[in-house]
Amino acid sequence: MIFIGGKGMVQKKKAETYGRNSEWMLTKDKLYVEVEDKDGNTKWQFVSKFIKVLNVRQVAETNDTTLTLQYLYKGQYQTIDILRDQILQPNEFQKLSRKGIDVIHSNVKPMVQFLRVQEDSAPYETVHNHMGWADKEDQLYFKHHSIIGKNPPASIYSGDYNIEPKGTLQGWLDIIQSEVMGNHHLELALAFGFSAPVVGLLSKVKDMDTLIVHIYGNSTQGKTTAAQLAVSPFGRPSKNEKGLIKSWSATHNAIVALLRDNYGIPIVLDEASMNTMKDYTSLLYMFAENREKERMNKEGELRKQRSWSTTIISTAEHSLFEKTNENAGLRMRAFEFGNITWTSSAENSNNLKTGLLDNYGHAGIAFVQYLIKLGVEKVVERCERWKAYCEENLPQTDFLSRVSEKFGILLATAEMINESLNLSLDIESMMKILHEVEEESAAEREMADKSYEYVIERVMQHSKYFIIETQAFNGNECWGRINFRDDEVEVSIFPHKFKQLLKEGNYADPKVICKEWKENGYLKTESGKYTNRGKIPIDSQVRANSGLPTTPDSKGRDKVYTVMMNKELAENYGIRKIISEEELSRYQYTPKRKSKHTHN
């Protein structure tokens, strides 16, 4: 018991003392400091209402230090987190009066002195804000809720996601056995999620894109449930309470921020249909390339570029490729699984959702521990072996190697899931699904080439209906215009004729064709469209005969599909630029007179 003295008054209270000479005293409601009067007598002087440092946390990646303060306001104990530099600067600390802390100009200095003293005895912990793989002192660790590895440093995750395990590993395994096993599409969804730490690990030793998987179809096919299953081994499979499922309905920068400093935890972006973005191209490339755009700060210096390496699982009612440009490269980075019924019934879906919300975050830890036990070299060997298997069994296309690398990671992941968790995922059935997906993509690419050849052949057969640069046009009906460029020929076709040609060739869906043509560089288009605009000089009667509006737009242009054609191919069909005598004279060769100094 300590006596607290005042003028003519003595009171007993329970208290804590701090400082080298116990000169600070904290009771349940007040802070005092021991002072000496002019006569050399000591007494306890009131400083402020109760305030205390509950704990000190230091972020491992940045060394930023945060203090959790507890204070008394209106008879209630409250807490607040502040950066440490706020108690080192009295002026900054005084601003906390707005939160109810009993600090004013006259007591700010002794309060700051006390907190600096009391900080030394407060509980201290290291926290981490990044997720996934990290190197420290030649050791490889995995940052989950705690850090996984051999003799890992003590640290607890304190970032933006809820990855603290809930329930039990056995509880999660029971759900998988009863609701997933035997459903080969759900088994594949598990491989999607578990592939995240494999992708992150591979990026430590080689250039490795983030793996992007897009699941699309109508709302009754269980695509969101499949996504929840995929992330459940690593954290809360929900949009709520900081879960691993986030919404596409955010700004470009906000979506990129969701990925920063993640090197092995799967993330879901749900319902791309809700996003008003017109073109996903640059965003998807940024996802795959593992780093955000370079930006300047206010001082004109480059900001630190944030990065990631993981697996992103996207869902929507539509294909993402419907809103991309030049997507040949994207098809090697993003893989779509469309119009698949993922869950067997409404009951199956509900059982999964309920069970996974009660048991999550454990299986991912066991899987990562197995990866560490295997070692990086063996994980790489597994992925290379399955890549070779895919190269032997997938459709033979120009993109085979790139596709096989990504699909090989999924199959290697499935094999390691079985070994680490004693499951029996059907890898052969997974391969059949992957084969179907690639077969469909290859068929679309093949259809693009065949349809292009067909349309070009039909245009050349009916070239009399086109205005050909440098040639007179005397027709009564016009289908478009043919212009010559340096190495290419532009064939501009009016939309109704373009669609008619495709229909006659039994190519029923122009959007699918145009998407592939644009990807292959066969179409010259305006941004975000499949069409272009060009001036085609024909009179009103020819326009009427051709089924066109009476007049073009205000700038004299018509909407057209502009098909790019190799000049040599055009010449094979007899289409070539006729050079006038005036142009020909420019190319006349005039021999140079020999110099008398020329040596033989």
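### Thoughts on the overall build of the protein chain
Thought 1: For the protein chain, the helix and strand inventory stands at 18 helices and 26 strands.
Thought 2: In terms of overall dimensions, the protein chain is more spread out than a globule: its C-alpha atoms have a radius of gyration of 35 Å, far above the 25 Å expected for 600 residues.
Thought 3: Seen along its three principal axes, the alpha-carbon backbone of the protein chain occupies a region of about 120 × 70 × 65 Å.
Thought 4: For the protein chain, the proportion of its 600 residues judged to be buried stands at 49%.
Thought 5: Across the protein chain, the fraction of contacts at a sequence separation of at least 24, relative to all contacts at a separation of at least 6, is 64%.
Thought 6: When the accessible area of the protein chain is evaluated, it comes to approximately 31,000 Å², of which 45% is carbon and sulfur surface.
Thought 7: Charged side chains in the protein chain number 79 positive and 81 negative. The centres of these two groups are separated by 7 Å.

### Considerations on the pattern of salt bridges
Thought 1: Under the defined criterion, the tally for this structure stands at 26 salt bridges.
Thought 2: Two residues, R458 and E504, come together in a salt bridge whose shortest N-O distance is 2.5 Å. Taken together, the positions of R458 in helix 13 (residues 427-461) and E504 in helix 14 (residues 495-504) put the pair 46 residues apart, joining distant regions of the chain.
Thought 3: Across the pair E526 and K529 runs a salt bridge, and its minimum N-O distance is 3.6 Å.
Thought 4: Salt bridges sharing common partners tie together R382, R385, E415 and E419.

### Focus: the packing of helix 5 (residues 184-202) against helix 11 (residues 376-393)
Thought 1: Running from N to C, helix 5 and helix 11 point in directions that differ by 110°, and their axes come no closer than 10 Å. One way to sum up the angle between helix 5 and helix 11 is to call them roughly perpendicular. Here the hand of the crossing between helix 5 and helix 11 comes out left-handed. Contact with helix 5, carried on its side by V198, L201 and L202, involves V376, V379, V380 and C383 of helix 11 and no other residues of that element.

### Details of the packing of aromatic side chains
Thought 1: Under the criterion given, the structure shown has 21 aromatic pairs.
Thought 2: Centroid distance F192 to F337: 5.1 Å. Interplanar angle 55°. Geometry classified as tilted. In this pair, F192 is assigned in helix 5 and F337 in strand 20 (residues 334-338), connecting sequence segments 145 residues apart.
Thought 3: Given the relative accessible area of 0%, F192 is considered buried.
Thought 4: Residue classification places F337 among the buried positions, given a relative accessible area of 1%.
Thought 5: These aromatic residues form a ring-pair network of at least three members: Y452, F498, W517, Y522 and Y561.
Thought 6: Here the guanidinium or amino end of K204 rests over the ring plane of Y263, the centre of that ring lying 5.9 Å away.

### Points about a negative patch on the surface
Thought 1: On the surface, E34, E36, D37 and D39 cluster together into a negatively charged patch.
Thought 2: Positionally, E36 belongs in strand 5 (residues 30-36).
Thought 3: With relative accessibility at 60%, the residue E36 sits in the exposed group.

### Description of the confidence of the model for the protein chain
Thought 1: Across the protein chain, the average pLDDT comes to 88, with 90% of residues at or above 70.
Thought 2: Segment residues 1-12: pLDDT under 50, and 22 contacts once partners within four positions in sequence are set aside and those in other chains are kept.
Thought 3: When the criterion is pLDDT under 50, residues 587-600 qualifies, and its contacts beyond four places in sequence or with other chains add up to zero contacts.

### A closer look at the packing of helix 5 against helix 12 (residues 400-421)
Thought 1: Two numbers describe how helix 5 lies on helix 12: the axes approach to 8 Å, and their chain directions differ by 105°. Compared by their axis directions, helix 5 and helix 12 come out roughly perpendicular. In this structure, helix 5 contributes L190, A191, F192, F194, S195, V198, V199 and L202 to the contact, and helix 12 contributes I409, L410, T413, M416, I417 and L421.

About the cut-offs
The residue numbers shown here count from 1 along each chain, following its written sequence. Where totals are concerned, whole chains, interfaces and linings use all residues; where local detail is concerned, this predicted model gives features only for residues with pLDDT of at least 70, and gives and counts side-chain atom pairs only at 80 or more. Only hydrogens and water are set aside when side-chain values are computed; all heavy atoms of the structure are taken into account. The helix and strand labels rest on DSSP assignments: H or I over at least four residues marks a helix, E over at least two residues marks a strand, and numbering proceeds from the N terminus. Only C-alpha atoms enter the radius of gyration; for comparison, a globular chain is expected to reach 2.2 Å times N to the power 0.38, where N is the number of residues. When accessible area is computed with a 1.4 Å probe and restricted to protein chains, residues below 20% of their type maximum are described as buried, those above 50% as exposed, and intermediate ones as partly exposed. By definition, residues are in contact when any of their heavy atoms lie within 4.5 Å. All accessibility values rest on the Shrake-Rupley procedure with a 1.4 Å probe; residue burial counts only the protein chains present in the view. We score Asp and Glu as negative and Lys and Arg as positive, and we do not count His or the chain ends. We put the charge of a Lys on NZ, of an Arg on CZ, of an Asp on CG and of a Glu on CD. Between Lys or Arg on one side and Asp or Glu on the other, a salt bridge is scored when a side-chain nitrogen of the former is within 4 Å of a carboxyl oxygen of the latter. Angles shown run from 0 to 180 degrees and are taken between the N-to-C directions of axes, each axis being a line fitted to C-alpha atoms and, for helices, limited to the stretch in contact. Comment on the angle field: the value is read as roughly parallel under 35 degrees, roughly antiparallel over 145, roughly perpendicular from 65 to 115, and oblique elsewhere. In this scheme the handedness of a crossing depends on how the near helix is turned from the far one: anticlockwise by less than a right angle means left-handed, clockwise means right-handed. For Phe, Tyr and Trp, rings pair up if their centres lie within 6.5 Å, where Trp contributes its six-membered ring, and each pair is then called stacked (planes under 30 degrees apart), edge-to-face (over 60) or tilted (otherwise). Here, a charge over a ring is recorded when the distance from Lys NZ or Arg CZ to the ring centre is within 6 Å and its angle to the ring normal is within 35 degrees. Surface patches are defined over residues having more than 30% relative accessible area and no salt bridge, joining like charges when they lie within 9 Å and nonpolar side chains (Val, Leu, Ile, Met, Phe, Trp, Tyr) when within 5 Å. A score between 0 and 100, pLDDT records how confident the predictor is in each residue.

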